[in-house]
Amino acid sequence: MIMGSLPGPDAGNHQIWTAEIIGEWYPRPTTALTFSFARRVLKSHFSNLLKAFGADTQCLQGLSRPLIGRLGGHLYLNSNSLEAILSALPKPGLGSYKSFWQRSSEDARSTWKLFNSTTLGQEGQREFKSKYQQIRALDFASLQLHELLLLYGKIEELFEQWAAPPVTDFCFAAGYEYLLQMLKQGGHEKPEFLLGDLLCGEQLPSLEPLQILAELAQKLKEDDKLCVFLEEASLDELVSWWKEQSAPFFVEREIGRILHLYGCRRPNELELSTPTLSTSPRYLFAMLKRYLARDEVPCLLKLRQKSLDRRCRAEHEVQRLLGDKRSSLLLKKGTIFNWLLSKTRENLLLRDEQRLARANLIGLTGDLFRAIGHKLIEENVLVAEDDVHNITIEELIDFLNGSSASLNLSALAAIRRDEFAEFTELALYKKIETYGLLYHQERDFFARPEATGLKGCCGQGGSAGCVVGQVLTVDESGKGWLSVGDVLVLDKPDIGYTYIYPTLKAVVYLRGRKMSHGAFIARELGLTVVYDTLEELR
């Protein structure tokens, strides 16, 4: 999107920025700390992906433009830099069905490696879990500043060394796209919905905490007095009730179990400033209250059975569509499709498990920087609790190592806090084209366009259905957690909000893609899903 009254081509420095992919991860303005973290981690993400497929990683060092930009407080990928990286990767599934099987022997080897990638996607997983548990077992509050800084270095090393997540993501996306092409060539009218049903019915690890919470709610339903207490008590009162061990043993046990396994997760899980569940379990008790407020507590086993039924019907449809047709290799297309489907399902499960692990590590990183912030407040370097989120990682490292260009970090944090307040009023665009220097005119450049109304407001279908319900909006601060509503509108398919899904009829994402992870979880629970809706829906 090109905005008017901006410098033209004569100003030079032509750049194209896209919110594709990264706009789904970070749909809202990011703090300085989160921006610097994303910049460092995404570089290792793409480096690992290139290494895994034997591609030249020099393209990362040779980028003429930054990979990530922060414009109007929002994160964008530089299109030229992104294309340079993606051009080095194998591209199965992007050509026609026939040409895919007629590639050179070198491409064929890449393709075979890609679709037999489950082992590749599991590399380093056990070592990652072991190192993560060692770091999580530490008491950050008892460590000195230099020790916390060294610990962050170990966390960054974990991101750099664990190549599995980007590989699994890529392999899953490639398999998904190729399956979609086969369904389209088979003549199916709505291949995206059919493929969504085919990928339902997997026992995704992301559903386990929802299952634990739903079972706890069901047990609480059996005790009328407990139910009344939980319904009437505030979230802070419930947290104190649990922390002071005044709750029944089974409540302490199940909440403790969720926090032990998933305590480093949180709503809006990629923003480091959001408290984790372990730091603030209010979100868990809010979801428990939502479950109890329903006439019938959500039963995930029943929802899973419905998804298995949809999957079975979809498999019969594929058999009818492709079963006896032959490919150019004289193999039955149905046989090829089913083999590739099994590989894609394996990668879907792996992707879910790895995303949970990454989310836990990112949450742990947020807790570590919160501990650094508290230490700096004790040393009178910072003033407010959120000051640390307005300082970049590089600035913190330089300050703690004695190589800082500025000694007044609190003043720097105050300036950035004021800037961030302005960023909340600025828009995120899908694509922008810039010339010359743009920061000095940022407010005019990214000013949010006035809403034109909701006539014809639409998006992409992620899971079929027709739903009438009350709209619900939530955020990580607590807004909407206990509000009435069964059609949830979210900025992005954030799996941190999946606890609320069993109480809904539908989910609408302002941003997202057909392969968005949160959308798969919503489909698994039988929800109608719409993604990539028009900006006016805000």
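Use the structure listed above.
Residues numbered from 1 in each chain as written. Predicted model: local features only at pLDDT ≥ 70, side-chain atom pairs only at ≥ 80, totals over all residues. Heavy atoms only, no water.

### Examining the packing of helix α14 (residues 235-243) against helix α16 (residues 282-293)
Their axes nearest at 9 Å, the elements α14 and α16 cross at an angle of 110°. As the angle between them shows, α14 and α16 are arranged roughly perpendicular. Along its contact with α14, which presents Leu235, Asp236, Leu238, Val239, Trp241 and Trp242, the element α16 presents Arg282, Phe285, Ala286 and Lys289. Counted by class, the contact of α14 with α16 contains 7 nonpolar, no polar and 3 charged residues. (Axes fitted to C-alpha atoms, helices over the stretch in contact; angles between N-to-C directions. Helix = DSSP H or I, 4+ residues; strand = E, 2+ residues; numbered from the N terminus. Parallel < 35°, antiparallel > 145°, perpendicular 65-115°, else oblique. Contact = heavy atoms within 4.5 Å. Nonpolar A, V, L, I, M, F, W, Y, C, P; charged D, E, K, R; others polar.)

### Overview of the pattern of salt bridges
All chains considered together, the criterion is met by 26 salt bridges. Between Asp386 and Arg417 there is a salt bridge; the shortest N-O distance is 3.8 Å. Of the two residues, Asp386 is situated in the loop between α18 (333-378) and α19 (393-401) and Arg417 in helix α20 (residues 409-423); the sequence distance between them amounts to 31 residues. Since its relative accessible area comes to 30%, Arg417 is described here as partly exposed. A salt bridge links Arg416 to Glu395, with the nearest nitrogen and oxygen atoms 2.8 Å apart. Taken together, the residues Arg416 in helix α20 and Glu395 in helix α19 connect sequence positions 21 residues apart. Ionic contacts of the salt-bridge type, sharing partners, join the residues Arg39, Arg40, Glu156 and Glu394 into one network. (Salt bridge = Lys/Arg side-chain N within 4 Å of Asp/Glu carboxyl O. Buried < 20%, exposed > 50% of the residue type's maximum accessible area, 1.4 Å probe, protein only.)

### Things to note about α14
Within α14, burial applies to Leu235, Leu238, Val239, Trp241 and Trp242. Taken end-on, α14 shows its buried residues confined to a sector of 160°, consistent with a single buried face. Structurally, α14 contributes buried residues whose contacts are with α13 (224-232), α15 (249-262) and α16. Positive phi shows up at Gln245, right after α14, with a value of about 60°. (Arc of directions from axis to C-beta.)

### Topic: unusual backbone geometry
With a phi angle near 55°, Asn268 is a residue other than glycine that sits in the positive phi range. Mapped onto the elements, Asn268 comes out in the loop between α15 and α16. Positive phi, close to 60°, is recorded for Asn380, a residue that is not glycine. For Asn380, a relative accessible area of 71% corresponds to the exposed category.

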